[in-house]
Structure formats: C-alpha cells, structure tokens
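Inside the fold
Listed below are the residues making up each chain.
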Amino acid sequence: MHHFVYCNGVLHAEDVPLPQIAAEVGTPFYCYSSATITRHYLVFREALKGLDPSIYFAMKANSNLAVLRTLADLGAGCDVVSGGEFQVALTAGVKAAKIVFSGVGKTDEEIQLAVAGGVGQINVESEAELASVSRIASALGKTVRIALRVNPDVAAGTHDKISTGRKEDKFGIDWSLVPGLYRKARALPGISATAIAVHIGSQITSLAPFEAAFTKVRDLTLQLRAEGFEINHLDLGGGLGIPYDHLSNTTPPSPAEYGDMVRRVLGGLGCKLSFEPGRLIVGNAGIMVAKVVVMKDSPAKKFAIVDAAMNDLVRPAMYGARHEILPVIEAPLSPGLTPVDVVGPICETSDRFAQDYPLPPLKAGDLVAFMTAGAYGASMSSAYNSRPLIPEVMVQGDRYAVVRRRPSLAEMLALEQLPPWLADEPKGA
Ligand SMILES: *Cc1c(COP(=O)(O)O)cnc(C)c1O
C-alpha cells in the first residue's frame with residue numbers, strides 16, 4: 001500500500017501532482033510520501049503487538065534526515081552500520097540509547113564513537129570484535145550491551161548478493177563457536193552479553209527461512225540458558241521483502257503473517273524482541289521520477305532514454321531488480337502498450353532499468369516514475385559520470401519540501417584540488 005496514485009489522469013504523491021515538483025526541482029528526483037512511511041511503520045508495529053517490540057529502522061535503506069526524523073517521531077530507533085550512520089541518526093534526533101550498531105567490520109574508532117556516545121547495543125560479529133568492544137568500553141568506564149550476531153546457516157532464498165545467513169557468508173558468528181564465545185564474553189569487562197542477534201538477508205519473500213533461523217535462535221537460547229547464561233533479548237534483524245514488480249507476481253508474506261510466526265516460534269521465551277526493518281518501511285514510500293530525453297527506435301528494439309541512470313538507482317544494474325515504471329500522465333486506453341527498453345544515458349550496458357517493458361507511446365519530455373525506489377535508492381547512489389546526486393523531496397498531504405537539494409558542480413568539485421606541479425595554467429592549446 002502506498003500514496004502514489006493517479007488523480008484526474010496525473011500521478012500524485014499524496015495530494016501533490018508530480019509534474020509540479022518536477023517543474024520546481026528538475027528531474028530526476030526522489031519523492032517520499034510521509035504518509036506511506038508512517039503507515040508502514042505503524043502496520044509493522046501493530047503486527048508485533050503483544051511482543052513488546054523495539055523497532056530499529058535499518059537506515060542504510062534510506063538515511064535522509066527527514067525520513068529518519070519522521071520515524072524517530074513515531075518512536076523508532078535506528079540500526080546503523082557505520083560511525084557515519086551513527087552520527088547521522090543522532091543528527092536526525094534519534095537517541096543514542098535507541099541505536100543498535102551492526103556491521104561486519106567495525107573499526108576501533110567507530111566502536112569508540114558509539115560507546116562514548118551511549119549506543120544502545122552493539123551486535124558483535126567476531127571474537128576479535130568482542131575483545132575490542134570490551135577493551136574500549138572498559139577504558140571509557142562503561143558497560144555496553146552486546147548481542148552476538150549468530151550465523152544460523154540458512155539460505156534466505158533471496159538474491160545471492162543480499163543473502164547473509166549462510167555459513168559461507170561473511171556475516172555473523174559461526175553457529176558452532178557461539179556457546180564458547182558467550183562463555184568468554186561473560187568473563188570480559190565492559191560488556192553485558194545477554195542478547196542474541198540474527199539477520200539472514202534482505203528482500204526475503206517467504207517465511208520459511210525466517211522460521212528456520214528463529215527456531216535455531218530459540219534452541220540456542222534454551223541451550224545457553226541450560227548452561228547458566230542469562231539470555232533475555234533477541235534481535236531478529238530485518239529482511240522482510242516487499243512487492244516490487246506487478247509483472248512478476250511475487251507476494252511476500254504480510255507483516256501480520258510474519259508477526260504471527262514470530263509469536264509462535266519465540267513468543268514463550270520471555271525475551272525482549274528487537275526488529276530491524278529497512279526496505280519494508282521505506283521501499284514503497286519512495287519513487288524516482290525521470291524525464292524521457294529521447295526515444296530511439298531501432299529495428300530490434302525501442303528505447304526510451306531517460307535522464308536518470310544507474311548511478312541514481314543502481315538496483316536494476318546491481319541485482320537485476322525490476323521496478324514498476326508508470327507514466328506520470330496516465331496512459332490513454334488506445335493505442336495501448338508497446339514493449340520498450342527503459343535505459344539511462346551512461347556508457348554501460350547495465351545502465352538499463354527495464355527490458356521490453358510495456359509502456360504507452362512516450363515522447364521526449366514525458367515524465368516516468370520508477371516505483372518502490374524508497375529503499376536502497378538514494379542511499380546507494382553515486383556521482384558516476386560527474387552526475388550530481390539527485391534531489392530528494394518529501395511530501396506530506398498537500399505540502400512538499402526539498403529534503404536534500406541537488407549539489408552544484410562547484411560543491412561537487414570542492415573536495416578536489418590540483419597538485420602543485422599541475423596548478424599552473426593548462427598547457428594544452
Ligand atoms: C540491511 C540490514 C537490515 C535491513 O534489511 P532490510 O532488508 O532492508 O529490512 C537489518 N539488519 C541488518 C544487520 C542489516 O545489515
């Protein structure tokens with residue numbers, strides 16, 4: 001469910017017509033719906049009622065300050081994966097105690113920053129990291145709550161590049177090593193190790209892998225308790241998938257079905273439960289709007305070349321992801337749809353958003369919307385081809401605001417300088 005719908009033949013974000021935003025900020029741009037973000041957060045929370053859940057938004061999905069503040073105002077914390085994200089979350093108004101620090105390669109500097117700043121929990125991914133957190137926290141005179149992130153060795157059934165819970169993946173602590181590490185953790189100063197964390201991947205469209213992983217976590221909890229460890233907190237990660245593409249007919253489980261499964265598998269343990277959804281909260285709450293630069297017909301193909309590219313939305317190039325594409329001006333019934341390749345202007349064949357995608361006749365200047373671009377869209381974008389990062393706009397009702405503006409070329413170049421031996425006038429004619 002989202003708030004991007006046609007009204008009088010024009011695609012709107014809530015009550016704002018998208019052509020109005022395009023005219024003001026220029027294309028391409030990202031557009032987020034405040035109502036959709038709010039709705040998804042509340043639906044997820046409602047699905048977990050009775051479990052006393054703590055919800056930490058995985059901000060690598062979307063780290064825009066306005067998105068984070070919207071969620072923080074609803075009571076969400078943040079799951080962060082770098083020192084930078086920790087600071088951005090604080091800047092957005094998230095309390096340090098409501099931040100969980102995840103990530104497979106935290107540096108000492110990042111751990112120091114988080115512990116000194118009062119981070120709520122650190123999800124530890126190796127024995128060496130456990131020692132670092134203990135050393136850094138004790139030096140600061142602090143005790144930090146840690147969870148060992150376990151690798152449950154389950155296949156998430158999702159894209160290979162976003163599976164994180166198989167034993168050959170770099171993430172988490174191998175199942176066989178976990179009890180020994182809890183034993184070590186108990187003896188270390190500066191940490192309180194009463195939690196277990198698990199996160200098996202992203203865009204997971206079936207409950208089975210979650211259930212397999214959570215069942216293993218339950219068994220581990222009982223085993224550790226039997227050995228005399230106190231385990232009172234489980235962090236179940238994120239990863240619940242969302243529908244991207246109306247052509248492919250995948251229907252991921254609903255938050256309610258996910259919640260029922262969690263209740264069934266883990267409800268009786270008396271543990272506090274944490275969740276780290278990213279994509280589920282913001283995926284459908286954002287779109288990317290682009291303009292057709294030129295239509296190109298060749299005997300083999302029809303191409304719509306748009307002004308957005310793989311640097312703005314990398315998911316199709318990186319994961320073969322398919323985003324629904326809608327014309328901003330609703331298609332007339334006739335002459336119907338024809339298959340078009342929708343591509344960007346970058347000199348890479350992978351700079352292609354869709355292949356043989358059914359679209360109405362388009363012409364230069366027409367606007368198209370790439371749906372479900374709110375997660376891993378702007379946050380993964382780059383300035384490849386010296387293309388400035390595109391603006392982000394948030395809509396609320398009939399209001400909208402630019403929440404990240406397009407940088408000028410001068411701003412993009414501000415970090416570069418010529419070395420002294422090249423600083424004179426250019427030598428070329
Ligand atoms: C990426 C990530 C998430 C969020 O995953 P989604 O698929 O966006 O829900 C949660 N927890 C951890 C540790 C992650 O790395």
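Rules behind the numbers
Residues numbered from 1 in each chain as written. Predicted model: local features only at pLDDT ≥ 70, side-chain atom pairs only at ≥ 80, totals over all residues. Heavy atoms only, no water. 1 Å grid on protein atoms, 1.4 Å probe; cavity = no way out; pocket = protein on both sides within 12 Å on 5 of 7 lines; lining within 4 Å. Points joined across faces, edges and corners; volume = space filled by probe spheres on them. Nonpolar A, V, L, I, M, F, W, Y, C, P; charged D, E, K, R; others polar. Domains from an automatic or database assignment. Axes fitted to C-alpha atoms, helices over the stretch in contact; angles between N-to-C directions. Helix = DSSP H or I, 4+ residues; strand = E, 2+ residues; numbered from the N terminus. Parallel < 35°, antiparallel > 145°, perpendicular 65-115°, else oblique. Left-handed = near helix turned anticlockwise from the far one by under 90°. Contact = heavy atoms within 4.5 Å. Phe/Tyr/Trp six-rings, centres within 6.5 Å; stacked < 30°, edge-to-face > 60°. Buried < 20%, exposed > 50% of the residue type's maximum accessible area, 1.4 Å probe, protein only. Buried area = accessible area lost by both parts, 1.4 Å probe. Pairing = 2+ DSSP bridges. Right-handed = clockwise from strand over helix to strand, strands pointing away. Salt bridge = Lys/Arg side-chain N within 4 Å of Asp/Glu carboxyl O. Near = heavy atom within 4 Å. Polar contact = N/O pair within 3.5 Å; in protein donor to acceptor, adjacent residues only side chain to side chain.

Digging into the layout of surface pockets
In this model, the largest pocket occupies a volume close to 630 Å³. Lining of the largest pocket is provided by 35 residues; of these, K60, T164, F171, H199 and Y376 occupy positions nearest its centre. Here the lining of the largest pocket is composed, by residue class, of 13 nonpolar, 12 polar and 10 charged. Three or more residues apiece are contributed to the lining of the largest pocket by two domains, here domain 1 (4–31 + 284–413) and domain 2 (33–281). Together, 16 residues line the second largest pocket, and Q203, Y244, T250, A321 and R322 are the ones closest to its centre. The residue makeup of the lining of the second largest pocket, split by class, is five nonpolar, eight polar and three charged. Looking at which domains feed residues into the lining of the second largest pocket, each of domain 1 (4–31 + 284–413) and domain 2 (33–281) supplies at least three.

Digging into the packing of helix α2 (residues 34–47) against helix α9 (residues 255–266)
In contact at an axis separation of 8 Å, α2 and α9 are set at 30 degrees when each is read in the N-to-C sense. The angle between α2 and α9 places the two elements in the roughly parallel class. Considering the relative orientation of α2 and α9, their crossing is right-handed. Between α2, through V43, F44 and A47, and α9, the contact on the second element is made entirely by P255, A256, Y258, G259 and R263.

A few points about the packing of aromatic side chains
Under the criterion given, the structure shown has nine aromatic pairs. Seen in terms of ring centroids, F44 and F275 are 5.9 Å apart; in terms of plane orientation they differ by 85 degrees. Their pairing is edge-to-face. Here F44 is found in helix α2, whereas its partner F275 is found in strand β13 (residues 272–275), with 231 residues between them in sequence. Classification of F44 as buried rests on a relative accessible area of 3%. By relative accessible area, F275 is classed as buried at 0%.

Topic: the domain arrangement of the protein
Each assigned domain of the protein is listed with its residue range as follows: domain 1 (4–31 + 284–413) and domain 2 (33–281). On a C-alpha basis, the centres of domain 1 and domain 2 stand 32 Å from each other. Counting from both sides, the interface comprises 25 residues of domain 1 and, opposite them, 27 residues of domain 2. Where domain 1 abuts domain 2, roughly 2300 Å² becomes buried across the two surfaces, and 54% of that area is made up of carbon and sulfur atoms.

Some remarks on the pairing of strand β5 (residues 53–58)
Among the six residues that make up β5, five are buried, leaving the element largely enclosed by the rest of the structure. Where β5 meets β13, three bridges bridge the pair, whose relative direction is parallel. The residue bridging I55 from the neighbouring strand is F275, located in β13. Examined bridge by bridge, β5 and strand β6 (residues 77–80) share three bridges and lie parallel to one another. Considered in β6, the bridge of A58 is made with D79. A crossover connection joins β5 to the parallel β6 through helix α3 (residues 65–73); in handedness this β-α-β unit is right-handed.

Thoughts on the packing of helix α8 (residues 207–226) against α9
Interhelical geometry of α8 versus α9 gives an angle of 25 degrees and a closest axis separation of 10 Å. Taken together, the axes of α8 and α9 are roughly parallel relative to one another. For the pair α8 and α9, the crossing hand works out as right-handed. Of α9, the residues touching α8 (which contributes L207, F210, E211, F214, T215 and R218) are E257, Y258, M261, V262, R264, V265 and L266.

Quick word on the pattern of salt bridges
Evaluated as defined, the whole model comprises 17 salt bridges. We note a salt bridge from R218 to D219, for which the minimum N-O separation is 3.6 Å. Of the residues examined, D219 reaches a relative accessible area of 42% and is grouped as partly exposed.

As for the site of the ligand
With respect to spatial proximity, 14 residues lie near the ligand, and among them K60, S202, E276, R279 and Y376 are the closest. In the model, an oxygen atom of the ligand is placed 2.9 Å from a nitrogen or oxygen of the G278 main chain. One of the side-chain N or O atoms of Y376 is found 2.6 Å from an oxygen atom in the ligand. Counted by class, the shell around the ligand contains three nonpolar, six polar and five charged residues.

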